[in-house]
Amino acid sequence: MLSIKNLVKIYDDGTEALKDVSFDVDDGEFLIIIGLSGSGKSTLLRCINRLIEPTEGQIIWNGEDVTEADSNHLREVRRQIGMIFQHFNLVKRSSVLKNVLAGRLGYTNPMLSLINRFSQADIEMAYEALRRAGIEDQAHKRADELSGGQQQRVGIARALMQNPKMILADEPVASLDPVLAHTILGYLEKINKEDNITVLCSLHYLDLVQRYATRVIGLRNGKVVYRGSGEDIRKMTDEEFKQIYGEEAERVRVGPDSSEDVDGEKING
Amino acid sequence: MAKEVEQKNTKAKRKKRKNPALIKKPESRVPGELSGLLSLLIPGLGHIVIGEIGRGFILFGSIFSMILMFVWRIELLAHLEPNLLSMYNKALSRRPVFILLLTFGIILLWLWNAWDAYRIRKKREYNRIKIFILVIAVFFVLGWQIGEINPYKMITRFPETLTPISRVLWPWKAAFTHKTLRVSAKAAILAPPGGNPPPPSVENPNKPYLLAEPTSGNLSRLDENYKMIPGTTITLTGKNFKPDTKTEIWWIDPIGNKFQLRQNGKYVSVITDEKGSFKMKVIMPYRLIPPSSKGKMIHHVEAVQVSPVGGVIINEPLKLAVSRMVETIFMGMIATLFGIILSIPVSFLAARNLMAGSWVTLIIYYITRTIINIIRSIEPLIWALIAVVWVGLGPFAGIIALTFHSIAALSKLYSEAIESIDPGPIEAIQATGATHLQTILYAVVPQMIPPFISFSIYRWDINVRMSTVIGLVGGGGIGFILVQYIRLLDYRAAGIAVWFIAITVALLDYISSEIRRRIV
Ligand SMILES: Nc1ncnc2c1ncn2[C@@H]1O[C@H](COP(=O)(O)OP(=O)(O)OP(=O)(O)O)[C@@H](O)[C@H]1O
Ligand SMILES: [Mg+2]
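Here is what the cut-offs are and how they apply
- Residues numbered from 1 in each chain as written.
- Chains lettered and ligands numbered in written order.
- Predicted model: local features only at pLDDT ≥ 70, side-chain atom pairs only at ≥ 80, totals over all residues.
- Heavy atoms only, no water.
- Contact = heavy atoms within 4.5 Å.
- Buried area = accessible area lost by both parts, 1.4 Å probe.
- Salt bridge = Lys/Arg side-chain N within 4 Å of Asp/Glu carboxyl O.
- Polar contact = N/O pair within 3.5 Å; in protein donor to acceptor, adjacent residues only side chain to side chain.
- Near = heavy atom within 4 Å.
- Areas by Shrake-Rupley, 256 points an atom, 1.4 Å probe, with all protein chains shown as cover.
- Helix = DSSP H or I, 4+ residues; strand = E, 2+ residues; numbered from the N terminus.
- Nonpolar A, V, L, I, M, F, W, Y, C, P; charged D, E, K, R; others polar.
- Pairing = 2+ DSSP bridges.
- 1 Å grid on protein atoms, 1.4 Å probe; cavity = no way out; pocket = protein on both sides within 12 Å on 5 of 7 lines; lining within 4 Å.
- Points joined across faces, edges and corners; volume = space filled by probe spheres on them.
- Axes fitted to C-alpha atoms, helices over the stretch in contact; angles between N-to-C directions.
- Parallel < 35°, antiparallel > 145°, perpendicular 65-115°, else oblique.
- Left-handed = near helix turned anticlockwise from the far one by under 90°.

**Student:** Sorry if this is basic, but what is going on with the interface of chain A and chain B here?
**Tutor:** A common measure of how large an interface is: the accessible area buried when the components associate. If you look at the interface, chain A gives 30 residues, while chain B gives 20 residues. Surface buried jointly by chain A and chain B totals about 2000 Å² across both partners, of which 60% is contributed by carbon and sulfur atoms. Contact with chain B buries area across many residues of chain A, yet A:V91, A:R93 and A:L105 alone supply 26% of it, more than any other trio. The tally of links from chain A across to chain B stands at two salt bridges. Counting every contact that joins chain A to chain B gives five residue pairs in polar contact (both at pLDDT 80 or more).

The structure is reproduced here in structure tokens:
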């Protein structure tokens, strides 16, 4: 569904963030990208929907080269790819509902959205997305009044509004505590399995990677240094992990099902 | 061994932290006696020689400037004297406390500075702050004199300010008047006597009437030594006036000048009895009649009762204050509106994150910033002075001044709001496949609105406040009448204006903080 070919990104200041990165993503995968801070994970994910312009290489999305797309076509590609962020990137002063509705912008007539209009269907869809995320009752709060975990669910609900075929998640749990990390990733996994939405996610912690990945790619200084299946990484010891990953690798000591016990943060639906 | 060193080190560190004033002396080969001597010759020189350069320059600079200012003040006090010594003596006799304090202060400081240079060289640890306390003390004495500070005046003059202050604080007597009914009667008096005195007034049972006894006499006058010789005492009998009412006695001279009689420094008045009658004695006043006036010098004495009837009348100062206050508020509002409209485009040019793209835009950014900062640093009152020259006295000049200042101030605030915008939502909205315009509407505008509103209201608040004083320099609004009333010593009318300013500003304060609290 997505294949990255010889991707290179050199920033204006000369930083080589990606050096000849190539890999494929298949339908329904939960592909996790691991790598040290500064290894180029965020750059890679943002190149896929061209939030960052790649310097060289190709990004083939369902047979079409995204790097060649004009702005109309690019927007069409973008709306098929949902994105969630480490810092949630919600419009803090807008309501939760409005944040979620923003996920429909790619489908909305630009003129209508000028006057702040969404169709009734969109609004119902937004409530449904919030209900699935278990935060329906928060719909009319301001986004910044929510807890971190709730905000990330708003972020996921916004991505789901795009009816995406794939979700890009840039360290979606890095600013959450470990327990919440499992609830959020569990929710992503559920979406991945139930809705058959491919997930491409960057993560830091070996525990989480082992628990959720169907495939893993390791980045180091902008280069792919590891490729392995979910089984491969589950067999991996800390030492091996550290070797490919670097010194900073850490384990989170939280059981994978502890999410079920946490009050108020349980995902329903 | 190594441990010991470590311990020592930590000890030293602890000591250092305990008292930052205790600092080790610098390394130098100049002996302490020499550095002291050098600083005695020229303040600070010894310090500089032993490597205490900053301290040396500060001491030199302060002692040198103290002496200069001291000489300046002595010259001001005794500029007629031929030489410095006699000037000093004269100044000493005029302001002994000040001159002595300063003389001793500077000498002490000079000696201390030499001692300081010696001490720093000799002693390892030494409290180095104290000398600067003396420096500040000497400057304080100078400042006291230069500022012409005079608490004695403040206290002794205070009673004089009580009347104006009380009028300003409670000015409402001047705000309203009543319609009044005036009851009066006159009696004629010939002065100086000679010829036929006028006949006594005719009694009429229905009309108020005033009888003077006698109907001729001498006015008070001044002798060669300007001592007052009292005139003839006249007995006044009044009848048919309003009972139990204060009655003022007025004097009307032959050329028609009218004034209320004063005796022993007080206005003469009497209160009628229950039948409306009174009887009193007055001395004929001192009055200069121009020699050109001819004919019989007939003066009149008049008894007047003024009593309020009917409803209140709003006085001119109150009407004027209201209308000028409205003018003021509109001045502030219009200036704010102009300021907002004009500063929005400017703020984009002054936002670094938007202008960092190329060197052309960066140059525009720097130019805009510089202009904004210059305009902003000049007070609106000064802009008003310029605008008055430009478009003449009146509210328009005030609006121009406030608008100018608002553009600069708002541009700065707005551009800072633009700079501090969170890029996260922008990329998130872009990632949904939104257009450029949609991204601005959904990610940028929501972030901009609260600071824009908040800063605009803040500015409106400032502008209305400023417009109350901008009239002081001719920029229209309530300040314009305020300064006039103060110059005319009409403290009640000024007080009304002050009250309106205070009420408006307080209300505005409340409203604007309330709006901001709700929006932001
Ligand atoms: N806008 C930019 N301009 C210049 N260099 C950049 C820019 N953004 C990122 N870089 C550099 O590119 C490299 C890769 O950064 P990137 O943010 O992709 O790393 P990352 O793996 O996401 O790190 P982290 O885990 O800390 O988020 C880093 O060396 C970074 O300094
Ligand atoms: Mg990153």
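Having put the structure on the table, let's press on.
**Student:** Where do I start with the site of ligand 1 in this structure?
**Tutor:** All names here are of chain A. Around ligand 1, the structure places 14 residues, and the nearest of them are S37, G38, S42, T43 and E171. A distance of 2.5 Å separates an oxygen atom of ligand 1 from a polar atom in the side chain of S42. Calculation on ligand 1 without its partners gives an accessible area of 630 Å², and the protein chains cover 62% of this total. If one sorts the elements of the shell around ligand 1 by residue count, helix α1 (residues 41-48) sits on top with three residues. Counted by class, the shell around ligand 1 contains three nonpolar, eight polar and three charged residues.

**Student:** Is there a simple way to explain the sheet that holds strand β5 (residues 64-65) of chain A in this structure?
**Tutor:** Strand pairing in a sheet relies on backbone hydrogen bonds. The paired strands run either parallel or antiparallel. Residue and element names in this part refer to chain A. Spatially, four strands are ordered β2-β1-β4-β5 in an open sheet, and the strand pairing comes out antiparallel. Only two strands of the sheet have a single partner each, and these edge strands are β2 (16-25) and β5. Here strand β1 (residues 2-10) runs beside strand β4 (residues 56-61); their pairing, made up of five bridges, is antiparallel. Bridge pairing in β4 places I4 opposite I59.

**Student:** Looking at this model, I keep getting lost on empty space enclosed by the protein. Mind explaining?
**Tutor:** It is a probe the size of a water molecule, rolled over the atoms, that shows where empty space is left. Scanning the entire structure with this criterion turns up two cavities of 30 Å³ or more. By volume, the largest cavity amounts to about 50 Å³. Taken together, A:V91, A:S94, A:K98, A:N99, A:A102, B:I429 and B:Y442 make up the full set of residues lining the largest cavity. Per-class residue counts for the lining of the largest cavity are four nonpolar, two polar and one charged.

**Student:** Where do I start with the packing of helix α17 (residues 478-487) of chain B against helix α18 (residues 491-519) of chain B in this structure?
**Tutor:** Each pair of packed helices can be described by the angle between their axes along with the distance between the axes. Residue and element names in this part refer to chain B. Look at α17 against α18: their axes get within 8 Å of each other, and the N-to-C directions meet at 150°. The angle between α17 and α18 falls in the class roughly antiparallel. At the point where α17 passes α18, the crossing takes the left-handed sense. From α17, I478, L482, Y485 and I486 reach across to α18, where they touch A493, A494, A497, V498, F500 and I501.

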